[in-house]
Amino acid sequence: MSITTPRDVSRPAPAEARPARPRRGLRGGSTLSFWLFTGPFLIGLVVFVYVPIGWSLWLSFFEARFTVTPDKFVGFDNYRQMLENGKFTGALVTFTVFAAFVVPLTWAVSLGLALLVNRLRFMRAFFRSVFFLPTACSYVAASLIWKMSIFSGVRFGLMNTVLGWFGIENIAWLADPDPPWYWLVILTARLWLQAGFYMILFLAALQNIPPELYEAAAIDGARPGWQTFRHITLPQLRATSTAVILLLLVAAYQAFDEFFNLLSKTTWGRPPLVELYYTALGQAQDYGAGSAGAVILTLLICGVTLLQGRFMGFGRGEDAG
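First, a word on scope: everything that follows refers to the structure included in this document. (Residues numbered from 1 in each chain as written. Predicted model: local features only at pLDDT ≥ 70, side-chain atom pairs only at ≥ 80, totals over all residues. Heavy atoms only, no water.)

**Brief notes about empty space enclosed by the protein**
Then step 1. Tallied over the entire structure, the rule returns one cavity of 30 Å³ or more.
Then step 2. Considered as a void within the structure, the largest cavity measures approximately 40 Å³ in volume.
Then step 3. If you go around the largest cavity, the residues you meet are Phe259, Phe260, Leu263, Ser264, Gly269, Arg270, Pro271, Val274 and Tyr278.
Then step 4. Counting only elements with at least two residues in the lining of the largest cavity, the list comes to helix 12 (257-262) and helix 13 (272-281).
Then step 5. Tallied by class, residues from the lining of the largest cavity come to six nonpolar, two polar and one charged. (1 Å grid on protein atoms, 1.4 Å probe; cavity = no way out; pocket = protein on both sides within 12 Å on 5 of 7 lines; lining within 4 Å. Points joined across faces, edges and corners; volume = space filled by probe spheres on them. Helix = DSSP H or I, 4+ residues; strand = E, 2+ residues; numbered from the N terminus. Nonpolar A, V, L, I, M, F, W, Y, C, P; charged D, E, K, R; others polar.)

**Observations concerning the pattern of salt bridges**
Then step 1. Taken as a whole and judged by the stated rule, the model has four salt bridges.
Then step 2. Across the pair Arg80 and Asp77 runs a salt bridge, and its minimum N-O distance is 2.6 Å. Placement of both Arg80 and Asp77 in helix 3 (residues 77-83) is noted, with a separation of three residues, approximately one turn of the helix.
Then step 3. Asp77 sits in the partly exposed class, given a relative accessible area of 38%. (Salt bridge = Lys/Arg side-chain N within 4 Å of Asp/Glu carboxyl O. Buried < 20%, exposed > 50% of the residue type's maximum accessible area, 1.4 Å probe, protein only.)

**Description of the nonpolar core**
Then step 1. The biggest cluster of nonpolar side chains holds 54 residues, and the ones touching the most others in it are Phe98, Ile186, Phe259 and Leu263.
Then step 2. For this core, the secondary-structure elements that each account for two or more residues are helix 3, helix 4 (86-119), helix 6 (139-150), helix 8 (182-207), helix 11 (238-253), helix 12 and helix 14 (287-312).
Then step 3. Of all the elements, helix 8 adds the most residues to this core, at twelve residues.
Then step 4. Ignoring anything within four residues of it in the chain, the contact list for Phe259 reads Phe95, Phe98, Trp183, Ile186, Ser264, Gly269 and Pro271. (Core = buried A, V, L, I, M, F, W, Y, C linked by side-chain atoms within 4.5 Å. Contact = heavy atoms within 4.5 Å.)

So this is what it looks like as structure tokens:
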């Protein structure tokens, strides 16, 4: 016979631990939600991006005139045809030079705007919106404004009116390739359209720089201005600068809207995409040669991008040399 002490009476009996019920269906529900949200975008990506890319690559090895379902295999003849096409190869060389000018110019302008906006103490949001607003403008609309209002070849154009104040004769900006004034029209239009977007990227990067770096530099005797910008600001912007230059390179080779609308009736100054447009959708409608040219252009963009990324240290750690 066991004797129960008062201490034993006051202690409650331990409750039996109930096994946790497995939350069935949670994993399946999460998976279903994932596919419900991402499924339409993935379907659109496959149908409108991957399928056309694969079809274009397939067409580049066939004789595809006036048809997108050819049956005559020609191998690399379409690639040879495009590489022997002087207009297409000339456009590739021209736009390599164009990229060499427009990329650093846009980089410098967007970085300069970001530095100016970042130093403002009032109305920063206003000026940020003003510089970013042209990004929302259509390339076609901007090209027509530049062509018919600002750089019109008649004396009523804005630029010719300003030049007339200084006694300078009217300039046919887009009608004569010698001298090539049309590059000034294209460069200013492209700068106005895209500088604001890259300014926002630089502005975000500038605001992420720790202020302690500038305080430590001031204690060490660094002078504000160029010395601080060169040794602190610019190195901290290396990753953003690399991304901006990569995007600018791709955009330079893919230029189409402004060139097609500014130089639609000319045979000079055509970018590679315009040459491909006339090759594939012109009178000959040679989809095989046009697809081969698109593959060549893609490989050129990838090669230039990889070289630039390697030069800028894309993918390396912050402590890499």
